[in-house]
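Letter by letter, the chains look like this.
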Amino acid sequence: LREHDPVYWDQRFQSWVVTRHADVIAVLRDPRFTAKRAFQDAFWESEDFLAAFGQPVRVLNRQMLFLDHPDHTRLRSLVSGAFTPRVVENMRASIQHEVDTLLDDIMPKGGMEVIADLAYPLASTVIATLLGIPPEDHAKFVKWSDDYGALIDGNKSQIEHVICLLQSFSEFTNYFRKFVDQHKSDPQDDLMQAMINAEEQGGRLNEDELLGNFALLIAAGHITTAHLIGNGLLALLQNPEQFYQLKQNSDLISSAVMEFLRYDSPTQSTERIPIVDLEIAGKHIKKGQSVLLGLGAANHDPAQFPDPDHLDLSRTDNRHVAFGYGAHFCLGSPLARLEAELAFNTLLQRLIQPHIQLEKYEYTPSIAFHNLKYLHIT
Ligand code: HEM
């Protein structure tokens, strides 16, 4: 498809699908596209629907991911300071401690369920600690985050399913209210406090934006990172010579993580909508039509990556779009990369090939994500 029909109309998704690296980048930097998604269309804004689900839909629509400038710029600037490479580097020791504690607990058991026992607990603990959420609540928000992922995955054909997911999203955002109250009466030194102060002091974000963006940070902050660890480890187990190469040369860890992101991207697609009629690579796209950007497909475009289906841990000039591109480029990319680097470094020191066996694994069906349901190794 990428070669013969790089911008095609997909009847099933009711969307254009863009698969070339250059076209994906061109759309993501083009101001004629909005990040506002399909849940701002007639279906979601019908009176009956809004009467029942107005609150979660309104909150969803105030997440920075789905806003354009100037609202997007305002919200992003409020939290971006918490995720700069310098700030994230200060978290190195605490992330390493978390990795060691988890592995000390799991490794003696012989086998390991990588997703449930390592990837999710690590990624959820790191983001929850940053925001100021207690460990005993992690299981709850992992479930809400998975439901949120399914909600933005875009399958609106089963209305009952969408309603369940919206109910779950509503619980997710309501859950933050008690923390807002607690933080207001007993101020803390965490990201949540910084955002609450911004709401209280100059009205720089309203309550919907506060709750919606907490949910976004929690969900975006751990699901994808967990699956980077899962997908990357699976890629290494399927390519034992690269496993050895990385085990013997830890200097490769940073480029290896970038290659895992490119080779098996946790976020496979995102969506944009044109605000005027326009053309992409010769195809006429009407204002308001959905355009799915195949981030995973673009990351295997031979025009950009030599030998794209080969896992090359020392690949240079790796301009993948696994973190997106342009104004919405992933805010948490330094954090995700550091977590993955520490997890792989420590795992590789401790795992010994060829003794480890890939037992079984399965992916969760999805348009937007490539996520492992489980990955068992022994
Ligand atoms: C945005 C992927 C980790 C927070 C994005 C986008 C992608 C992405 C593709 C852009 C979506 C678009 O343009 O429509 C990933 C991957 C991750 C990861 C693959 C891990 C491997 C994280 C982490 C955080 C985070 C750890 C922590 C807070 C965000 C936020 C946005 C975002 C807040 C929205 C930024 C904006 O709208 O300006 N991410 N992400 N992500 N990501 Fe990540």
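See above for the structure.
Residues numbered from 1 in each chain as written. Predicted model: local features only at pLDDT ≥ 70, side-chain atom pairs only at ≥ 80, totals over all residues. Heavy atoms only, no water.

(A) Fine view of the overall build of the chain. Looking only at helices and strands, the chain has 15 helices and ten strands in total. For 378 residues, the compact-globule formula gives about 21 Å, and the C-alpha radius of gyration of the chain, at 21 Å, lands near that figure. Taking all 378 residues of the chain together, the buried fraction comes to 53%. Within the chain, contacts between residues separated by at least 24 positions form 71% of all contacts whose residues are at least 6 apart in sequence. In the chain, 33 side chains carry a positive charge and 50 a negative one; their mean positions are 4 Å apart. (Helix = DSSP H or I, 4+ residues; strand = E, 2+ residues; numbered from the N terminus. Rg over C-alpha atoms; globule rule 2.2 N^0.38 Å. Buried < 20%, exposed > 50% of the residue type's maximum accessible area, 1.4 Å probe, protein only. Contact = heavy atoms within 4.5 Å. Lys, Arg positive; Asp, Glu negative; His and termini not counted. Charge placed at Lys NZ, Arg CZ, Asp CG, Glu CD.)

(B) Quick peek at the coordination of the iron atom of the ligand. For the iron atom of the ligand, the protein supplies a single donor, Cys 330 (SG), at a distance of 2.3 Å. By secondary structure assignment, the location of Cys 330 is in the loop between α14 (295-298) and α15 (333-350). (Donors = N, O, S within 2.8 Å, 3.2 Å for Na, K, Ca; no water.)

(C) Up close: the pairing of strand β8 (residues 291-294). Here β8 shows no split at all, with Val 291 and Leu 293 on one side and Leu 292 and Gly 294 on the other all buried. The sheet contact formed by strand β2 (residues 15-18) and β8 spans three bridges and is parallel. In the sheet register, Val 18 faces β8, and the bridge partner there is Leu 293. In this structure, strand β5 (residues 269-274) lies alongside β8, joined through four bridges in antiparallel fashion. Within the sheet, the bridge partner assigned to Glu 271 lies in β8 and is Leu 292. (Pairing = 2+ DSSP bridges.)

(D) Helix α8 (residues 138-152), seen in detail. For α8, with 15 residues, the first-to-last C-alpha span of 21 Å sits near the 21 Å given by 1.5 Å per residue. Taken together, the buried positions of α8 are His 138, Phe 141, Val 142, Trp 144, Ser 145, Asp 147, Tyr 148, Gly 149 and Leu 151. (Expected span 1.5 Å × (residues − 1).)

(E) Examining the site of the ligand more closely. As a structural note, the neighbourhood of the ligand is formed by 28 residues, with His 72, Arg 76, Thr 270, His 328 and Cys 330 the closest of them. A distance of 3.1 Å separates an oxygen atom of the ligand from a polar atom in the side chain of Arg 37. A distance of 2.6 Å is found between an oxygen atom of the ligand and a side-chain nitrogen or oxygen belonging to His 72. Among the secondary structure elements, those contributing two or more residues to the shell around the ligand are α4 (71-79), α11 (207-238) and β5. Broken down by element, the shell around the ligand gets its largest block of residues, seven residues, from α11. Grouping the amino acids of the shell around the ligand by side-chain chemistry returns 16 nonpolar, nine polar and three charged. (Near = heavy atom within 4 Å. Polar contact = N/O pair within 3.5 Å; in protein donor to acceptor, adjacent residues only side chain to side chain. Nonpolar A, V, L, I, M, F, W, Y, C, P; charged D, E, K, R; others polar.)

(F) Representation of unusual backbone geometry within the structure. For the peptide bond that leads from His 69 to Pro 70, omega is 10°, which places it in the cis range. Within the secondary structure, Pro 70 sits in the loop between α3 (47-60) and α4. One non-glycine residue with positive phi stands out, namely Gln 14, at about 55°. Positive phi outside glycine occurs at Asp 317, with the angle close to 55°. Considering the arrangement of structural elements, one finds Asp 317 in the loop between α14 and α15.

(G) The arrangement of the sheet that holds strand β1 (residues 7-10) in detail. Here we have five strands laid out as an open sheet, ordered β1-β2-β8-β5-β3, and mixed in their pairing. With partners counted over all chains shown, the strands left at the sheet margins are β1 and β3 (33-34), one partner each. Packed onto the sheet, helix α1 (residues 21-28) meets β1, β2, β3, β5 and β8 and runs at close to 130° relative to β8. (Axes fitted to C-alpha atoms, helices over the stretch in contact; angles between N-to-C directions.)

(H) Highlighting the pattern of salt bridges. In the structure shown here, the tally under the stated rule is 18 salt bridges. Notably, a salt bridge pairs Lys 140 with Asp 137, separated by 3.7 Å at the nearest N-O pair. Across the pair Arg 177 and Glu 207 runs a salt bridge, and its minimum N-O distance is 3.0 Å. Of this pair, Arg 177 sits in helix α9 (residues 159-185) while Glu 207 sits in helix α11, and the two are 30 residues apart along the sequence. Since its relative accessible area comes to 29%, Arg 177 is described here as partly exposed. Residue Glu 207 is classed as partly exposed on the basis of its relative accessible area of 40%. Each of Arg 62, Asp 71, Arg 74 and Glu 209 takes part in salt bridges that share partners, so that together they form one network. (Salt bridge = Lys/Arg side-chain N within 4 Å of Asp/Glu carboxyl O.)

(I) Focus on the packing of aromatic side chains. A full pass over the atoms with the stated rule returns twelve aromatic pairs. Centre to centre, the rings of Trp 144 and Tyr 175 are 5.1 Å apart; their planes meet at 55°, and the pair counts as tilted. Of this pair, Trp 144 sits in helix α8 while Tyr 175 sits in helix α9; the two residues are 31 residues apart in sequence, bridging distant segments of the chain. For the ring pair Tyr 175 and Phe 179, a centre distance of 5.0 Å and an interplane angle of 70° mean the geometry is edge-to-face. One end of the pair is Tyr 175 and the other is Phe 179, both in helix α9 and four residues apart, which spans about a single turn. Judged by relative accessible area, Tyr 175 falls into the buried class, the value being 7%. With relative accessibility at 3%, the residue Phe 179 sits in the buried group. The rings of Trp 144, Phe 172, Tyr 175, Phe 176, Phe 179 and Phe 214 are connected pair by pair, giving a single aromatic cluster. Above the plane of the ring of Phe 305 lies Arg 262, whose end atom (NZ or CZ) is 5.3 Å from the centre. (Phe/Tyr/Trp six-rings, centres within 6.5 Å; stacked < 30°, edge-to-face > 60°. Lys NZ or Arg CZ within 6 Å of the ring centre and 35° of its normal.)

(J) Representation of the sheet that holds strand β4 (residues 112-113) in the model. Across the sheet, which stays open at both edges, the three strands sit in the order β4-β10-β9 with antiparallel pairing between neighbours. Where the open sheet ends on each side, the last strands, each with one partner, are β4 and β9 (358-364). Here β9 pairs with strand β10 (residues 371-377) via six bridges, running antiparallel. When the bridges of β10 are listed, Tyr 361 appears paired with Leu 375.

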